[in-house]
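Close look at the chain arrangement
What follows is each chain in one-letter form.
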Amino acid sequence: MTRIGVFDSGVGGLSVVAELMAQLPAQPLIYVADQANAPYGQRSLAEIRELSHGITRFLLSRGAHVIVIACNTASAAALHWLRKQYPGVPFVGMEPAVKPAAERTRSRHVGVMATQATFQGELFASLISRFGADVTVHTQVCPALVPLVEAGELATDRARAAVASYVTPLIDAGVDELVLGCTHYPFLRPLIEAVAGPGVEIIDPAPAVARQVGRVLAHHNAQGAVEGMRYDFYTTGDPATFTRSLRELLRLSHPAKQAAWTPRGLQISQI
Ligand code: DGL
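Reference entry: report on the structure contained in this document.

Quick notes on the rules
Residues numbered from 1 in each chain as written. Predicted model: local features only at pLDDT ≥ 70, side-chain atom pairs only at ≥ 80, totals over all residues. Heavy atoms only, no water. Near = heavy atom within 4 Å. Polar contact = N/O pair within 3.5 Å; in protein donor to acceptor, adjacent residues only side chain to side chain. Areas by Shrake-Rupley, 256 points an atom, 1.4 Å probe, with all protein chains shown as cover. Nonpolar A, V, L, I, M, F, W, Y, C, P; charged D, E, K, R; others polar. Core = buried A, V, L, I, M, F, W, Y, C linked by side-chain atoms within 4.5 Å. Buried < 20%, exposed > 50% of the residue type's maximum accessible area, 1.4 Å probe, protein only. Helix = DSSP H or I, 4+ residues; strand = E, 2+ residues; numbered from the N terminus. Pairing = 2+ DSSP bridges. Phe/Tyr/Trp six-rings, centres within 6.5 Å; stacked < 30°, edge-to-face > 60°. Contact = heavy atoms within 4.5 Å. Axes fitted to C-alpha atoms, helices over the stretch in contact; angles between N-to-C directions. Parallel < 35°, antiparallel > 145°, perpendicular 65-115°, else oblique. Left-handed = near helix turned anticlockwise from the far one by under 90°.

1. Here's the deal with the site of the ligand
Around the ligand sit 13 residues in total, of which Ser-9, Tyr-40, Gly-41, Thr-73 and Thr-183 are the nearest. Note that an oxygen atom of the ligand is positioned 2.7 Å from one of the backbone N or O atoms of Gly-41. In the environment of the ligand, a nitrogen atom lies 2.7 Å from a nitrogen or oxygen atom belonging to the side chain of Thr-183. In the complex, the protein chains occlude 99% of the 300 Å² of accessible area that the ligand would expose alone. Partitioning the shell around the ligand into residue classes produces 5 nonpolar, 7 polar and 1 charged.

Given below as structure tokens:
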């Protein structure tokens, strides 16, 4: 069975993994959280591309046949480039869901929450030029949210205040469609909904991305037994902390393993 490789700067990609597990429950996967370098959002596109390349090489060397970039920031920086480098490997990336938001808005005002790097990439510019012509797209960089989710602060006063500071200006601008353009943000969805109110639709692209992975797998049915465990989770940060995140965010009791950046690239740590 084809093994999929999934990566993100940290725990955000687990919002995509939750959908993958729901839609493709038997699917083996390897996940890399590059928590040693998180957050990616304020790094340069060149830096993010290099990190994404290193992780892709690691995932391919561990038997992944399909790569899911469960990170809008890494997709913005590296998806196009990685597809060119590895023409035989199917990549599924994330992009802010501007298209469905533009189709559904009645107020003609759409809000997009994402990282600075995501807004700087060509991918976002092309989304705006293709789908943003008839609507006003309000962009909101949310630098405090990724560190809060990484720290497991999903319902604290600090998280509530940070979410309010980012979402309120969008609501005041009249948006009725709010796009979660970073895979960490779905974990703050209850707080985002509380500020946005019932008249605003929140769009998380994770279910659509999981459906796309299902379609790609149907076309790419590489056979062969998968050795070892069905799930492998690696972090370049602290495995004990990531194991706790798996329990809290996915309700999955599973030990995370250590990976480390070395001069030869990303490697499984012997420690
Ligand atoms: N989950 C990443 C994304 O979707 C977070 C980026 C970051 O590390 O800043 O953009």
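2. As for the nonpolar core
Ranked by size, the top nonpolar core spans 54 residues in total, and within it Leu-14, Met-113, Leu-145, Ile-192 and Phe-233 carry the most contacts. Residues Phe-58, Ile-67, Phe-91 and Tyr-234 belong to the second largest nonpolar core, which totals 25 residues.

3. A few points about unusual backbone geometry
In this model, Ala-38 is joined to Pro-39 through a cis peptide bond whose omega is -5°. You can see Pro-39 is positioned in the loop between strand S2 (29–33) and helix H2 (45–61).

4. Observations regarding the pairing of strand S11 (residues 265–268)
Relative to S11, strand S10 (residues 257–262) runs antiparallel, the two being bridged by 4 bridges. Paired with Ala-259 across the strands is Ile-268, a residue of S11. Where S10 folds back onto S11 in an antiparallel hairpin, the turn is made up of 2 residues.

5. Brief notes about the packing of aromatic side chains
Describing an aromatic ring pair means giving the distance of the ring centres and the angle of the ring planes. Evaluation of the coordinates by the stated rule reveals 7 aromatic pairs. Their ring planes at 85° and their centres at 5.2 Å tell us that Phe-58 and Tyr-234 sit as a pair that is edge-to-face. Here the residue Phe-58 occupies a position in helix H2, and Tyr-234 occupies one in strand S9 (residues 231–235), the gap between them amounting to 176 residues. Look at Tyr-231 and Phe-233: their rings are 6.2 Å apart centre to centre, the planes differ by 50°, and that puts the pair in the tilted class. For the residue pair Tyr-231 and Phe-233, the accessibility class agrees, reading buried in each case. Clustering of aromatic rings is evident, with ring pairs tying together Tyr-31, Tyr-231, Phe-233 and Phe-242.

6. Considerations on the sheet that holds S11
In spatial order, the strands read S4-S3-S1-S2-S9-S10-S11; together these 7 strands make up an open sheet with mixed pairing. The open sheet has two edge strands with one neighbour each: strand S4 (91–92) and S11. Where S9 and S10 come together, 2 bridges link them in parallel fashion. Bridge assignment links Tyr-234 to a residue of S10, and that residue is Lys-257. Against the sheet, helix H1 (residues 14–23) touches strand S1 (3–8), S2, strand S3 (64–69) and S9, its axis set at about 180° to S9.

7. Points about the packing of H1 against helix H10 (residues 206–219)
Where H1 contacts H10, the axes come no closer than 9 Å and their chain directions differ by 50°. In terms of orientation, H1 and H10 fall into the oblique class. The crossing of H1 and H10 is right-handed. Between H1 and H10, the residues in contact are Ser-15, Val-16, Glu-19, Leu-20 and Gln-23 and Ala-206, Pro-207, Val-209, Ala-210, Arg-211 and Val-213, respectively. Partitioned by chemical class, the residues of the contact of H1 with H10 number 7 nonpolar, 2 polar and 2 charged.

8. Observations regarding the sheet that holds strand S5 (residues 109–114)
If you trace the 4 strands from one edge of the open sheet to the other, you get S6-S5-S7-S8, paired in parallel fashion. With partners counted over all chains shown, the strands left at the sheet margins are strand S6 (136–141) and strand S8 (201–203), one partner each. Strand-to-strand twist across the sheet, computed as the mean angle between neighbouring axes with direction ignored, equals 20°. With respect to the sheet, helix H9 (residues 189–196) is in contact with S5, strand S7 (177–180) and S8, its orientation differing from that of S8 by roughly 150°.

9. A short note on the pairing of S5
Counting buried positions along S5 gives 5 out of 6 residues, so the element sits mostly inside the fold. Sheet analysis places S5 next to S7, joined by 4 bridges and oriented parallel. Opposite Met-113, over in S7, you have Leu-180 as the bridge partner.

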